[in-house]
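Spelled out from the first residue to the last, the chains are:
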Amino acid sequence: MSDRSTAIRASFAVGLAVAAYGISFGALSVASGLDVWQTCFLSLVMFSGGSQFAVIGILASGGAAAGGAAIASGALLGTRNALYALRVAPFIGGPWPKKILAAHWTIDETTAVSTAQPTIEGQRAGFWWTGVIIYVGWNLTTLIGALIGDLLGDVSAYGLDAAAAAAFLGLLWPRLRQLQPVVVAIGAAAVAAALLPFVPAGIPVLAAAVVAVVVGLTNWLGKKPEAIA
Amino acid sequence: MTIWQVIILASIAVLALKLLGYLVPPSIVQRPTPARIANLLTVALLSALIVVQTLGSGQGIALDARVPALVVAAGLFALRVPFILVVAAAALTAALIRLLT
């Protein structure tokens, strides 16, 4: 099998699995007080699952008054996409319109599938196929989820508030394979829980980011710098 | 700020960060420390969001059906159950507890 078709198979496997999350995003977003249009706007334009869940999570707890914290949390969660872009930019190439579309689709999954391919043809195929499958799938399932959420009405009776926490846990889980991120996760959870009763909505999440900056700067419990890709 | 303004500004910020990676020379940002901080930021923010979603109640803490639902979710993720099924199981757990209590 050629590198290209191997990459396309990986794209379908990852893309279809991920696109299904869109249902939970759409339903939770409507439950957080956004309308169907606002929910779809996030999936169409922001197009980064972690940031989207963060924005709706903070709007759910603090409403529009927590808007500043919602924007800041979404942006902080989006910083990793800038690093992914550095990794995929060398094999994307092409004119600026193509690069801008590539930038829009530079997310966890497109980076993971493309950088796992051995050849440049495979990398390009992996990036673009994963991108198009997830973009179309994520937006369709977001719309379906939002319409379902709209029909459900009172969401806590259906446990949708618990589903939001489970969704964040699912995004966090694959990142906990080494000691350093586990320690950061525990530290951040402690900071957020300690501040929760005392500060406005959204602030506990931003304060927890300080844990990542401190541990990241000192590389406490981390590997030697050379070992980090 | 309205909800629309929040959504548009946050979307522009996230999109701009993606574009930034195509604009800056890789040598500047590919150093280990910024890369490590960005990865740990994701972990810290997700972890804090789990706490807020599980325990938050207005401006305070509440222990309710969301806690056992999260425990169920953690167990299922450990068993490598697919994301969408785990999220549904968590919602179902919380809904059942609320129905029965």
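About the thresholds
Residues numbered from 1 in each chain as written. Chains lettered and ligands numbered in written order. Predicted model: local features only at pLDDT ≥ 70, side-chain atom pairs only at ≥ 80, totals over all residues. Helix = DSSP H or I, 4+ residues; strand = E, 2+ residues; numbered from the N terminus. Rg over C-alpha atoms; globule rule 2.2 N^0.38 Å. Buried ≥ 20, exposed ≤ 12 C-beta atoms within 10 Å, placed from the backbone. Contact = placed C-beta atoms within 7 Å. Core = buried A, V, L, I, M, F, W, Y, C linked by C-beta atoms within 7 Å. Domains from an automatic or database assignment. pLDDT = per-residue confidence, 0-100.

So, the overall build of chain A
Here's step 1: Broken down by element type, chain A carries 11 helices and zero strands.
Here's step 2: For chain A, whose C-alpha radius of gyration is 19 Å, the value lies close to the compact-globule estimate of 17 Å for 229 residues.
Here's step 3: Projected onto its principal axes, the C-alpha coordinates of chain A cover approximately 55 × 45 × 30 Å.
Here's step 4: Looking at chain A as a whole, 57% of its 229 residues are labelled buried.
Here's step 5: For chain A, restricting intrachain contacts to residue pairs at least 6 apart in sequence, the fraction spanning at least 24 positions comes to 73%.

Remarks on the nonpolar core
Here's step 1: Ranked by internal contacts, the top residues of the largest apolar core, which has 111 residues, are Ala166(A), Ala44(B), Leu45(B), Ala48(B) and Ala90(B).
Here's step 2: The greatest single-element share of this core, amounting to 14 residues, is contributed by helix H3 (residues 32–55) of chain B.
Here's step 3: Per-domain counts for this core show at least three residues from each of domain 1 (3–159) and domain 2 (176–229) of chain A.
Here's step 4: With sequence-adjacent residues up to four places away left out, Ala44(B) is seen in contact with Val184(A), Ala188(A), Ala208(A), Ala209(A), Val211(A) and Ala212(A).

Focus: helix H6 (residues 96–104) of chain A
Here's step 1: Ala102(A), Ala103(A) and His104(A) are the residues of H6(A) that are buried.
Here's step 2: On its buried face, H6(A) is in contact with helix H5 (67–92) of chain A together with helix H1 (3–23) of chain B.

Regarding the confidence of the model for chain A
Here's step 1: Looking at chain A as a whole, its pLDDT mean stands at 89, while 96% of the residues score no less than 70.
Here's step 2: Ranking the helices and strands of chain A by mean pLDDT puts helix H3 (residues 36–46) of chain A first, with 97, and helix H1 (residues 3–19) of chain A last, with 82.

Describing the interface of chain B and chain A
Here's step 1: With 68 residues of chain B at the contact, the number on the chain A side is 85 residues.
Here's step 2: If you list the elements that add at least two residues to the side of chain B that touches chain A, you get H1, helix H2 (26–29), H3, helix H4 (66–78) and helix H5 (83–100) of chain B.
Here's step 3: In terms of residues, the side of chain B that touches chain A owes the most to one element, H3(B), which gives 23 residues.

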